[in-house]
Amino acid sequence: MAKITLNINKKEYPMEADPQMPLLWAIRDLAGLKGTKYGCGVAQCGACVVHLDGEAVRSCVTKVSRAAGKQVVTIEGLSETNSHPAQLAWQEIDVPQCGYCHSGQIMSAAVLLREKPDPTDQDIDDAMAGNICRCGTYLRIRKAIHLAADMQKKTTTKG
Amino acid sequence: MKQDPSNRANQFVSLKAALFVSILLFIFAVGASAFRKDAPVKEVSLNIINRDSTESVKAFETVYKTLMSPRCMNCHPAGNVPLQGDDSHLHAMAPKRGVEGKGVSAMKCSNCHQETNTPGLHMPPGNPEWHLPPATMKMVFEGKSAHELAEQLMDKKKNGNKDIKKLIEHADDGLVLAGWNPGEGRTLPPVTHAEFKKAWITWLQTGAYAPKK
Amino acid sequence: MNNDKTALDRRSFLKASLISGGGLMLSVSWLSSFKAADKTETLNLPDQWAQLNGYILITADNKVKLICPNPEFGQNVMTSLPMIVAEELDVDWKNVTVEMGPHDEVKLGPQFTGGSNSMKMYWKPLREAGAAARQMLREAAAQTWNVPVGEVTTKAGILSHSNGKSAKYGDMASKAASVPVPKEFQLKAPKDFTIVRHSKKNVEAQKIVSGKPVFGLDYSVDGMLIAMIQHPPAFGMKLKSFDAAETLKMPGIKDVFTLKLYEDGFEQGGFDTRTFNELLVVVGKSTWEVMNARKKLIANWEAAGDLKNTIGGRNGKTEVTVPGTIESTRTQLQQMQEYAAKPAQLLRKDVDPEAAFTNAAQVIERTYNGPFLAHNCMEPMNFFAHVTDEKALLVGPLQAPGWIEPTLAKLLNLPADKIEIQMTRMGGGFGRRAYGHYLSEAALISRKVKAPVKLMYTREDDMTYGIYRPMYTATYRAALDANKNLIAFHVKGGGIPEHPIHANRFPAGAVDHYLAEGWQIPSNITIGAFRAPRSNFNAAAEQSFLDEVAEAAGKDPIEFRLELLKRAKEKPVGKNNEYDADRYAGVLELVRDKSNWNKAGNEKYNRGVAAYFCHNSYAAHVVDMVTRDGQPYVERVFSAIDCGIVINPDAATNMVQGAVVDGIGNSFYGALTHKDGVPQQSNFHNYRMIRIHEAPKSIDVHFVQNDLDPTGLGEPPFPPVFGAVANALYKMKGRRFYNQPFKEEVEKVI
């Protein structure tokens, strides 16, 4: 066990943790933020995606020690008022069915939207193929990312 | 272009000789800058003391079977998606190479591949530099014959402008070494790293001859 | 008819009461309103239904809260069921909030999610609930304004009279609570619907996209411990001995112990299926600590031998022996071949199929195989339990609280009213969460450690535990006469451990001579509902076979089916044909038209069609396949569905699109195989799931427009995807595919 302070969503979380503990369990069990999901534990499904210094890492295989001193952002902190374009577009297109995978989907989409503000279907498939949706909402995910890109452009133009 | 003594009777003797020479060569090569202008492969600066096509081709057999083993080939795919597993299937979730070979947007290699192997079966193997060859230098192994692979390895236009010295150094590259520390449940390359390295250097320093096929 | 005046029968009652702070709470109950669910599907429903009560709460400040009775697993009932109430209540949807109801079947009816039953079960009762409450509000306004009730109209939560008076529902709610329950009220005509048939967004979407703790795994209380079970590595094995010394030294670990789930002779309900009876349990403070410590367990396993199960039922107890055989996929296939050659149970016979086959000009015989499939819900099985000597609280994801409650009562020796079950949103279900063994396990663990506990399955635990779609096979035979007319049809199907045959489904009724037979092989590999398990296998096999027969008959596959359906309608053969030939033909015609079947412009596609009827709804798909990167890829799909009135069209479309993607994924990749009893797939690295780049570019969903009472959508669109994919593969590869998963067979062929 070691004393580690995680910065999650711009807030400090001092904790006692095994440095080998995956970031996922530190976020869920120690910081108590449940939006980040466990799906497979072996970096296959993407339900646990969080941002680590802006990258869409899979928290189930990322040791908590890797996150120390870095900025962790989870779905709860993606935007101040749950108004990230992907969050809005997901609701507008009514993407979720069971909904379990979607915090991971949105966290992946957010990195795509930052790096490719105007993604093609191919870009979306390339970026999102790591996130499994068992209910099969993939077509709506594509649609929502396109809509989010449009929303993002408008916000950028205004701002 | 290629010489092929195809003198089977000599092979055993020359193998031993080559081993001896190559050890000397290795020591020599580190500091030496001598090269021969009449090297069979143009554009490459060679630190060669003793060219021997038989020895070279023989050494390349070991090099080839190593590079074509899953631990090496899986990150040198023919397409833009790495391979996975001992059967070298396309990597699940089809991560794309990207310009630098480090993946794209939400699918960067280091999103899953940590600095070290993640413990457990079926867990992502790790390395601080985990990546594919970049888009400008794909260095494809998959599907290449020994001849094609040897030529490609020596082609500065395709090998990242590596001369013999750089190529020799590359045997100790962190990602090359990672092939011998593949994480739980994965088979090792067919020879040890030391054996590979010896064959690699022998091949290079006896003229880097490409096998006929 | 829908717009007739509806009278409550003698056995019905309504109960109105004032809620604190003012307002109306209306509990409604209609035993008569319940249509018994279709008992022919795999998810057989309990014999006794509780009464239904729908909750409507209207507060003085005009807020309307509707309670969703059924658990939500992604089929969107939390939105669509309240839409039905809101429609008849005539409120502004913007003022409606929805809450998941507690488990209380006296007040809320049979709170079961599965078998595509929610709409079918709740359509009438929920309409009546809304209409009765509206009537009471009108009555209250009529008394207040001293006008005849017939002159009080409503619109979007406003009561009005032509004399200019108007009031919000909230203003009249308290008064309405004292109004006698109406004996008669009017239901809306479908043409007047303003909420139903108008797409409404998922009421929980914002919670989902912002990471609110709505799922079972997210539920947590102070002092909660985490438990995991180490189950045997193979089916047919049990714990012999264990050494937990190293585990107990690990940080955070509280206890390691064994627990017997059911005592010998314990009378199991139909959904008390469990794979392993003796549990090796690790309990600790946090997930990671327990996960890690469990790896240090030294456990020895041995063959379990035959297992005796006591199954309770209407006609008393039955003893069932589960063989202890250690099975492998290879031996299972061999065994299935042996059984297939033996005489089987006769399920239906029309006229003289034997003679027809003997005299046929041409006989086509084909055999189809399908493997076990794992559900792989994204949220693995888990449940919270806090059990004391006096009571039990259980919280988590499950489809059928009413089926597990009696089991818990017996296991815990507590009266049912001391067992509180709360249903969280489920991260997928697909039939898997109808089997409540994981609640029983959680409850017993909590009782043993005397603390609140979250039992959690890892992905590997979940995938290797069992309760799979069964392994199936079926041999189909068709007899054609000299004019290439289909004169006889024979299906003989079997499975481990149940057969897939629905003997009274199409093409039964459409062929002169018909024979259906079934056989089954007992096994210790547990099985369960899986998005219409038998139907999804049948729709792959039968719809692929009919395609082949159509070709042999020289007919277009859609026209061939339509001709058979015409026959089934005009001169049906035999009795008990389950399907409505018109509605079946309707989806085929719709998909034919929408996909421009046989029309120019589709040359680049390998087109496959299939249709199927199950769970009271009809579905047909045209799948357009291309070769991409050397692999078959379904680029485009057209779907036609008849499920009666579509409550929430966009959400229904979403569900059909999802079913199509799921069907493509499972038909291409789905398989759970065994070697020496050990499941050969344990996580998503070797159980391949369809991903976004493999999903079609478009799935065009079309609903047949009619005013028939709604039926469900969870299952029906799924099965025919398999058949359509098989038929498109044939067009692409020039040979038929008989074995799921198709991807594996395609690779063998290449």
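Within an unreviewed UniProt entry, the label attached to chain A reads Aerobic-type carbon monoxide dehydrogenase small subunit (CoxS/CutS family), and the organism entered is Spirosoma utsteinense.

Draft legend 1. Summary view of the overall build of chain C. From N to C terminus, chain C includes 18 helices and 33 strands. Along the first, second and third principal axes, the C-alpha atoms of chain C reach 80 × 75 × 55 Å. Among the 750 residues that make up chain C, the fraction classed as buried is 65%. Contacts in chain C between residues far apart in sequence, at least 24 positions, make up 77% of those at least 6 positions apart. If you sum the accessible surface of chain C, you get close to 27200 Å²; carbon and sulfur atoms cover 48% of it. Treating the 88 positive side-chain charges of chain C as one cloud and the 84 negative ones as another, the clouds have centres 2 Å apart.

Draft legend 2. Broad picture of the overall build of chain A. Each helix and strand in chain A was counted, giving six helices and five strands. Walking chain A from its N terminus toward its C terminus, one meets helices and strands in the order β-β-α-β-β-α-β-α-α-α-α. With the C-alpha coordinates aligned to their principal axes, the bounding extent of chain A is approximately 45 × 35 × 25 Å. Expressed as a percentage of the 159 residues in chain A, the buried residues total 67%. The contacts in chain A between residues at least 6 apart in sequence include a share of 56% that link residues at least 24 apart. Working note: accessible area of chain A is about 5300 Å², and carbon and sulfur atoms make up 52% of it. Seen as two clouds, the 19 positive and the 17 negative side-chain charges of chain A have centres 3 Å apart.

Draft legend 3. Highlighting the interface of chain A and chain B. Taken residue by residue, the interface counts 21 residues in chain A and 18 residues in chain B. Carbon and sulfur atoms make up 51% of the surface buried where chain A meets chain B, a total of about 1600 Å² over both sides. The interface formed by chain A and chain B contains three salt bridges. Lys108 of chain B serves as the salt-bridge partner of Glu55 of chain A, at 2.8 Å between the closest nitrogen and oxygen. The tally of links between chain A and chain B comes to ten residue pairs in polar contact (both at pLDDT 80 or more). Looking at the side of chain A that touches chain B, the elements with two or more residues in it are β4 (55–58), α4 (102–115) and α5 (121–128) of chain A. Classifying every residue of the side of chain A that touches chain B gives nine nonpolar, six polar and six charged.

Draft legend 4. Quick look at the packing of aromatic side chains. Taken as a whole and assessed by the stated rule, the structure comprises 35 aromatic pairs over all chains. With centroids separated by 5.5 Å and ring planes inclined at 35°, the aromatic side chains of Trp180 of chain B and Phe196 of chain B adopt a geometry described as tilted. Of the two residues, Trp180 of chain B is situated in the loop between α7 (174–178) and α8 (193–205) and Phe196 of chain B in helix α8; the sequence distance between them amounts to 16 residues. The rings of Phe60, Tyr64, Trp180, Phe196, Trp200 and Trp203 of chain B are connected pair by pair, giving a single aromatic cluster. A cation over a ring is seen here: Arg134 of chain A above Phe430 of chain C, with NZ or CZ 3.9 Å from the ring centre. Stacked on the ring of Phe357 of chain C, the Lys or Arg Arg477 of chain C has its end atom at 4.0 Å from the ring centre.

Draft legend 5. The sheet that holds strand β23 (residues 419–423) of chain C, seen in detail. Residues and elements named next belong to chain C. Read from one edge to the other, the open sheet built from seven strands follows the order β13-β15-β11-β24-β21-β22-β23, with strand pairing classed as mixed. Either end of the sheet is taken by a strand with one partner, and the two such strands are β13 (253–260) and β23. Taken pair by pair, the neighbouring strands of this sheet meet at an average axis angle of 20°, ignoring direction. Examined bridge by bridge, strand β22 (residues 392–396) and β23 share five bridges and lie parallel to one another. Among the inter-strand pairings, Val395 is bridged to a residue of β23, identified as Gln422.

Draft legend 6. Representation of the sheet that holds strand β14 (residues 267–268) of chain C. With respect to topology, three strands assemble into an open sheet ordered β14-β17-β18 (chain C), the strand pairing being mixed. In this open sheet, the two strands that pair with only one neighbour each are β14 and β18 (318–322) of chain C.

Draft legend 7. Looking closely at the environment of Pro102 of chain C. Residues and elements named next belong to chain C. Topologically, Pro102 is positioned in the loop between β6 (96–100) and α2 (105–108). Pro102 gets classed as partly exposed once you look at its relative accessible area, which sits at 45%. Each C-alpha atom of the pair Pro102 and Lys555 lies 54 Å from the other, and the pair is 453 residues apart in sequence. Here Pro102 is in contact with Leu108, Gln111, Ile421 and Met423, once residues within four sequence places are set aside.

Draft legend 8. Quick peek at the environment of Thr54 of chain B. Looking at where Thr54 of chain B falls in the secondary structure, it is placed in helix α2 (residues 53–67). Linking Thr54 of chain B and Thr118 of chain B, residues 64 residues apart in sequence, is a C-alpha distance of 42 Å.

Draft legend 9. Region of the structure containing the interface of chain A and chain C. Taken together, the 50 residues of chain A in the interface contact 61 residues of chain C. Note on chain A versus chain C: buried area summed over both sides is about 4700 Å², and carbon and sulfur give 57% of it. Between Asp650 of chain C and Arg140 of chain A there is a salt bridge, with its nearest N and O atoms 3.1 Å apart. At the boundary of chain A and chain C, one finds 26 residue pairs in polar contact (both at pLDDT 80 or more).

Draft legend 10. The arrangement of the side chain of Thr653 of chain C in detail. With respect to the secondary-structure elements, Thr653 of chain C resides in helix α16 (residues 649–669). In this structure the side chain of Thr653 of chain C is engaged in a polar contact, spanning 2.8 Å, whose partner is the backbone oxygen of Pro649 of chain C.

Draft legend 11. Here's a closer look at the pattern of salt bridges. Tallied over the entire structure, the rule returns 55 salt bridges over all chains. Between Arg71 of chain B and Asp86 of chain B there is a salt bridge whose closest N-O contact spans 2.9 Å. Of this pair, Arg71 of chain B sits in helix α3 (residues 70–73) while Asp86 of chain B is found in the loop between β1 (83–84) and β2 (89–90), placing the two residues 15 residues apart along the sequence. Between Arg433 of chain C and Glu379 of chain C there is a salt bridge, with the nearest N and O atoms lying 3.8 Å from each other.

Draft legend 12. Spotlight on the domain arrangement of chain C. All names here are of chain C. Examined at the domain level, chain C breaks down into domain 1 (5–198), domain 2 (216–310 + 381–456) and domain 3 (525–749). Each of domain 2 and domain 3 has a C-alpha centre, and these two points are 37 Å apart. Buried surface at the junction of domain 2 and domain 3, summed over both partners, amounts to about 810 Å²; 63% is from carbon and sulfur atoms. By the criterion of area lost to domain 3, the three top residues of domain 2 are Phe235, Phe430 and Tyr435, representing 61% of everything that side buries. Remark: the boundary between domain 2 and domain 3 carries zero salt bridges. Where domain 2 meets domain 3, there are four residue pairs in polar contact (both at pLDDT 80 or more). Of the residues belonging to the side of domain 2 that touches domain 3, the class tally is five nonpolar, three polar and two charged.

Draft legend 13. Summary view of the side chain of Arg294 of chain C. Residues and elements named next belong to chain C. By the element assignment, Arg294 lies in helix α7 (residues 287–294). A relative accessible area of 11% means that Arg294 is categorised as buried. Polar side-chain contacts of Arg294 include one of 2.9 Å to the side chain of Asp461. In this structure, Arg294 is in contact with Met228, Ile229, Gln230, Thr247, Val282, Thr458 and Asp461, ignoring residues within four places of it in sequence.

Draft legend 14. Expanded view of the packing of helix α3 (residues 118–145) of chain C against helix α4 (residues 169–176) of chain C. All names here are of chain C. Remark: α3 packs on α4, axes separated minimally by 8 Å, with the N-to-C direction vectors making an angle of 90°. Taken together, the axes of α3 and α4 are roughly perpendicular relative to one another. Of α4, the residues touching α3 (which contributes Arg134, Met136, Leu137, Ala140, Ala141, Gln143, Thr144 and Trp145) are Tyr169, Met172, Ala173, Lys175 and Ala176. Per-class residue counts for the contact of α3 with α4 are nine nonpolar, two polar and two charged.

Draft legend 15. Quick look at unusual backbone geometry. The peptide bond linking Ile496 of chain C to Pro497 of chain C adopts the cis configuration, its omega dihedral lying at -5°. Mapped onto the fold, Pro497 of chain C is located in the loop between β26 (486–496) and β27 (513–520). Cis geometry marks the peptide bond from Gln740 of chain C to Pro741 of chain C; its omega dihedral reads -5°. Secondary-structure assignment places Pro741 of chain C in the loop between α17 (719–733) and α18 (742–749). Its identity as a non-glycine residue notwithstanding, His122 of chain B has a phi of 65°, on the positive side. Residue classification places His122 of chain B among the partly exposed residues on the basis of a relative accessible area of 34%.

Cut-off values and rules
- Residues numbered from 1 in each chain as written.
- Chains lettered and ligands numbered in written order.
- Predicted model: local features only at pLDDT ≥ 70, side-chain atom pairs only at ≥ 80, totals over all residues.
- Heavy atoms only, no water.
- Helix = DSSP H or I, 4+ residues; strand = E, 2+ residues; numbered from the N terminus.
- Buried < 20%, exposed > 50% of the residue type's maximum accessible area, 1.4 Å probe, protein only.
- Contact = heavy atoms within 4.5 Å.
- Areas by Shrake-Rupley, 256 points an atom, 1.4 Å probe, with all protein chains shown as cover.
- Lys, Arg positive; Asp, Glu negative; His and termini not counted.
- Charge placed at Lys NZ, Arg CZ, Asp CG, Glu CD.
- Buried area = accessible area lost by both parts, 1.4 Å probe.
- Salt bridge = Lys/Arg side-chain N within 4 Å of Asp/Glu carboxyl O.
- Polar contact = N/O pair within 3.5 Å; in protein donor to acceptor, adjacent residues only side chain to side chain.
- Nonpolar A, V, L, I, M, F, W, Y, C, P; charged D, E, K, R; others polar.
- Phe/Tyr/Trp six-rings, centres within 6.5 Å; stacked < 30°, edge-to-face > 60°.
- Lys NZ or Arg CZ within 6 Å of the ring centre and 35° of its normal.
- Pairing = 2+ DSSP bridges.
- Axes fitted to C-alpha atoms, helices over the stretch in contact; angles between N-to-C directions.
- Domains from an automatic or database assignment.
- Parallel < 35°, antiparallel > 145°, perpendicular 65-115°, else oblique.

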